[in-house]
Amino acid sequence: MPTVFSHPAPFVCLGLACGRLLSFRLLLAGIVCSLLPDADTLAFRFNTPYASILGHRGLSHSLAFALALGLIAALMAPLLRAGRKTAFAVCAGAALSHILLDAMTDGGLGVAAFWPFSEARYFLPWRPIAVSPLSPRHFFSPHGINVLGSETRLIWLPCLAGALVILLIRL
């Protein structure tokens, strides 16, 4: 999985690009939705096996979960100061970006993208992102530094470039 710092990158950059077109509340909801699938790491504390559908990268990394987050956001649209379709698209898109980024890593078991129809785990054919260590002790190591470098090149720089293009188009 990419680090907690990089999963929100698409939405931080979207916020930079869109400025006041998106409410701060909706942007914050998108960032939360981009991080929420990794709440499944709490399952490790309850001895849930990684490969379980309730384990890491299980049902919370599925298209169904992303759509559910989008529907919840659509219901909360007035609170997010957005239209229902916009709230749905931003929050479902945030969770989908999480799934895509995890499917691009070079480690782990893949993502259960098609749960509840299949519990199979998938990766994308192109897997350039170094998988992040889960423990803080291993994160602050040479491998952790390599992961951050990988994410800077493969996530942050493309997202910032996309934000710049959108800003230039808007001007």
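This is a predicted model, so every value here is computed, not measured.

What counts and what doesn't
Residues numbered from 1 in each chain as written. Predicted model: local features only at pLDDT ≥ 70, side-chain atom pairs only at ≥ 80, totals over all residues. Heavy atoms only, no water. Axes fitted to C-alpha atoms, helices over the stretch in contact; angles between N-to-C directions. Helix = DSSP H or I, 4+ residues; strand = E, 2+ residues; numbered from the N terminus. Parallel < 35°, antiparallel > 145°, perpendicular 65-115°, else oblique. Left-handed = near helix turned anticlockwise from the far one by under 90°. Contact = heavy atoms within 4.5 Å. Buried < 20%, exposed > 50% of the residue type's maximum accessible area, 1.4 Å probe, protein only. Polar contact = N/O pair within 3.5 Å; in protein donor to acceptor, adjacent residues only side chain to side chain.

S.K.: Would you mind going over the packing of helix 1 (residues 9–18) against helix 7 (residues 142–170) with me for this structure?
M.R.: Packed helices, taken two at a time, are described by their axes: the angle between them and the distance between them. It is at 8 Å that the axes of helix 1 and helix 7 come closest, and there the two elements cross at 20°. As judged from the angle between their axes, helix 1 and helix 7 are roughly parallel. As for the relative orientation of helix 1 and helix 7, their crossing is right-handed in sense. Contacts from Ala9, Pro10, Val12, Cys13, Leu16, Ala17 and Cys18 in helix 1 reach Ile155, Trp156, Cys159, Leu160, Ala163, Ile166, Leu167 and Arg170 in helix 7.

S.K.: Looking at this structure, how should I read the side chain of serine 23?
M.R.: Position of serine 23 relative to the elements: it lies in the loop between helix 1 and helix 2 (24–35). Residue classification places serine 23 among the buried positions, given a relative accessible area of 16%. There is a polar contact of 3.0 Å between the side chain of serine 23 and the backbone nitrogen of leucine 26. Apart from residues lying up to four places away in sequence, serine 23 is in contact with Leu80 and Arg81.

S.K.: What am I meant to see in the environment of glycine 55 here?
M.R.: Tracing the sequence through the fold places glycine 55 in the loop between helix 2 and helix 3 (63–75). In this structure glycine 55 comes out as buried when scored by relative accessible area, which is 2%. Expressed as a C-alpha distance, the spacing of glycine 55 and alanine 43, which sit twelve residues apart in the sequence, is 5.8 Å. Non-local contacts of glycine 55, meaning those with residues more than four positions away in its chain, are made with Asp40, Ala43, Thr48, Pro49 and Tyr50.

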